[in-house]
Amino acid sequence: MSATPRRTEPQPKVRLPESSVVVRPEPMESATYSQSSRLQAAGLLPAVALFEQAAHQVPLPKPPQPVVIADYGAATGHNSLKPMATAVEVLRGRTRHDHAILVAHTDVPENDFTALFNTLSDDPDSYLNNDTASFTSAIGRSFYQQILPTCTVNLGWSSWAIQWLSRVPEGAPEVADHVQIAFSSNTEARRAYEHQSALDWNDFVAFRGRELCPGGRLVVLTMALDDDGEFGYRPLNEALMATLEELAEHGLVRREEMRRMVIPVVARTEKDFRAPFAPRGWFESLTIEHLDMFNADDRFWARYEKDSDAEAFGAQWAAFARAALFPTLRAGLSGGFNDPRGADFIDRLEAGVAERLAKAPEPMRIPLASLVLAKRESR
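Residues numbered from 1 in each chain as written. Predicted model: local features only at pLDDT ≥ 70, side-chain atom pairs only at ≥ 80, totals over all residues. Heavy atoms only, no water.

## Description of the packing of helix α9 (residues 299-307) against helix α10 (residues 310-324)
Point 1. Where α9 meets α10, the closest approach of the two axes is 9 Å, and the angle between their N-to-C directions is 170°. By the angle class used here, α9 and α10 are roughly antiparallel. Each of F300, W301, R303 and Y304 in α9 lies in contact with α10, whose residues at this interface are A310, F313, Q316, W317 and F320.
Point 2. Residues belonging to the contact of α9 with α10 are distributed by class as follows: seven nonpolar, one polar and one charged. (Axes fitted to C-alpha atoms, helices over the stretch in contact; angles between N-to-C directions. Helix = DSSP H or I, 4+ residues; strand = E, 2+ residues; numbered from the N terminus. Parallel < 35°, antiparallel > 145°, perpendicular 65-115°, else oblique. Contact = heavy atoms within 4.5 Å. Nonpolar A, V, L, I, M, F, W, Y, C, P; charged D, E, K, R; others polar.)

Here it is, written out as structure tokens:
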């Protein structure tokens, strides 16, 4: 089945690189994000194996046309190092040593592309280190629209990105009881966010269907709801809300500001992922070749089980939240991201979350989904 993507205007950023907010993180936040994402990178390994298999399968263009790999939601690049290097190695084994491979890293305009290029240039795991015929580029546009020419991408990758909505839903009721919509009791608000999530997934898939070459494949790793409908990360979210309440009681944050603090992240069910492809299994010439719903390991918890260092466990999860979530909350202050209380707000929020998680350590439930989308080959 083929369908036309919705025509949308470019939206304000609601994703941090790989992604979150309407604002660009400060350099310190980017560094923290990179460190935390590296600690979480083991969760990527099953998806990297799928990406490696896809690199073996996709048809390759003849030189001088380059082999094109697209990295959708690249952020600072750390979660892209392993998959890109793996794909380049496989592709190099299938073609001439001088056949150009072009990797296009994409993210919203406010992404820290300086950090991305530094990662690709300086990190010993970069695919640029051992292949002189590999080239890199970056595109600062939302992947909820077409960002590469039609039928030019041979292989696509996206990790920890598409759970971030393209926008806060227009007309959605205020979410006053939680910063994460999954834990809100406001049914109407939850429906509005889920509807926006469905539209965004439709657009993401449809535009990738245009960009992929016939026979091309796209591997996606993203947040999901497990069989019990559980969003996960419950201890982290409880610590976050308790700390925000404490900051409000101490007068650092006003109640009306807290009501503006909503993290536009929605996890999807298996039914949600399959919806655009119903009823015949095809959408924009794409089909789901693989779909796996699973719970990833909490690497911070695994380390805690070995060393019993509760403070380190709390600090690691708090640092992860600081980089991935806190800039969105900071933007809810009356003065926005540049509110004079912003730095103190972030520091105290991180300290409070770390302290609460350290007092009662427990593993995080991390529901994820991995997908491989394949494009119909030309007949």
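The rest of the description comes next.
## Some details on the packing of α10 against helix α12 (residues 342-359)
Point 1. Relative to each other, α10 and α12 sit at 140°, their axes nearing to 7 Å. Judged by the angle between their axes, α10 and α12 are oblique. At the point where α10 passes α12, the crossing takes the right-handed sense. Contacts between α10 and α12 pair A310, E311, F313, G314, A315, W317, A318, A319 and R322 from the former with I346, D347, E350, V353, A354, L357 and A358 from the latter.
Point 2. Of the residues belonging to the contact of α10 with α12, the class tally is eleven nonpolar, one polar and four charged. (Left-handed = near helix turned anticlockwise from the far one by under 90°.)

## A look at α12
Point 1. The first and last C-alpha atoms of α12 sit 26 Å apart over 18 residues, in line with the 26 Å expected at 1.5 Å per residue.
Point 2. Of the positions making up α12, those classed as buried are G342, F345, I346, L349, E350, G352, V353, A354, L357 and A358. (Expected span 1.5 Å × (residues − 1). Buried < 20%, exposed > 50% of the residue type's maximum accessible area, 1.4 Å probe, protein only.)

## So, helix α2 (residues 45-57)
Point 1. The terminal C-alpha atoms of α2 lie 19 Å apart, and with 13 residues this matches the ideal 18 Å at 1.5 Å per residue to within 8%.
Point 2. Looking at α2, one finds that the buried residues are A47, V48, L50, F51, A54 and A55. Taken around the axis of α2, the buried residues stretch over an arc of 155°, which confines them to a single face.
Point 3. Where the residues of α2 are buried, they touch β1 (67-72), α3 (81-94), β4 (153-159), β5 (212-223), β6 (286-296) and β7 (366-375). (Arc of directions from axis to C-beta.)

## Section: the side chain of N237
Point 1. Inspection of the secondary structure assignment puts N237 in helix α6 (residues 234-249).
Point 2. Judged by relative accessible area, which is 6%, N237 ranks as buried.
Point 3. What N237 contacts, discounting residues up to four positions off in sequence, is H178, Q180, F183, F231 and G232.

## Observations regarding the nonpolar core
Point 1. Counting 72 residues, the largest nonpolar core has I69, L244, W317, F326, L329, F345 and L368 as its most contacted members.
Point 2. Among the elements that line this core, the one with the most residues is α6, at seven residues.
Point 3. F143, L148, F277 and L371 belong to the second largest nonpolar core, which has 29 residues in total. (Core = buried A, V, L, I, M, F, W, Y, C linked by side-chain atoms within 4.5 Å.)

## A few points about the pattern of salt bridges
Point 1. For the structure on display, the rule yields 20 salt bridges.
Point 2. The residue R365 makes a salt bridge to D228 at a minimum N-O spacing of 3.0 Å. A residue pair is termed long-range when its members are at least 10 positions apart, and R365 in the loop between α12 and β7 and D228 in the loop between β5 and α6 qualify at 137 residues.
Point 3. Of the residues examined, R365 reaches a relative accessible area of 37% and is grouped as partly exposed.
Point 4. Residue classification places D228 among the exposed residues on the basis of a relative accessible area of 63%.
Point 5. A salt bridge links E257 to R254; the shortest N-O distance between them is 3.3 Å. (Salt bridge = Lys/Arg side-chain N within 4 Å of Asp/Glu carboxyl O.)

## Details of the state of the cysteines
Point 1. Under the defined criterion, the tally for this structure stands at zero disulfides.
Point 2. We note that C151 lacks a disulfide partner, and the nearest cysteine sulfur, in C213, lies 6.1 Å from it. (Disulfide = S-S within 2.5 Å.)

## A look at the confidence of the model for the protein
Point 1. When the pLDDT values of the protein are averaged, the result is 89; 88% of them are 70 or greater.
Point 2. The model gives residues 1-31 a pLDDT under 50, and that stretch makes 106 contacts with residues more than four places away or in other chains. (pLDDT = per-residue confidence, 0-100.)

## Regarding the side chain of T106
Point 1. The residue T106 is located in strand β2 (residues 101-107) in this model.
Point 2. The contact partners of T106, leaving out residues within four places of it in the chain, are D71, Y72, G73, A74, I139 and I147.

## Regarding the sheet that holds strand β3 (residues 134-140)
Point 1. Spatial ordering of the open sheet is given by β3-β2-β1-β4-β5-β7-β6, a layout of seven strands whose pairing is mixed. Where the open sheet ends on each side, the last strands, each with one partner, are β3 and β6. When strand polarity is set aside, the average angle formed by the axes of neighbouring strands in this sheet is 15°.
Point 2. Pairing analysis gives six bridges linking β4 to β5, with the strands arranged parallel. Directly across from S159, in β5, lies its bridge partner L221.
Point 3. Seen against the sheet, α3 touches β1, β2, β3 and β4 and runs at an angle of roughly 165° to β1.
Point 4. Sheet strands touched by helix α5 (residues 187-211): β1, β4, β5, β6 and β7. Its angle to β5, the strand with the most contacts, is close to 150°. (Pairing = 2+ DSSP bridges.)

## A closer look at the pairing of β4
Point 1. Counting buried residues along β4, seven of its seven residues qualify, which places the element largely inside the surrounding structure.
Point 2. The sheet contact formed by β1 and β4 spans three bridges and is parallel. Within the sheet, the bridge partner assigned to D71 lies in β4 and is W157.
Point 3. One crossover worth recording links β4 to the parallel β5 by way of α5, and it is right-handed. (Right-handed = clockwise from strand over helix to strand, strands pointing away.)

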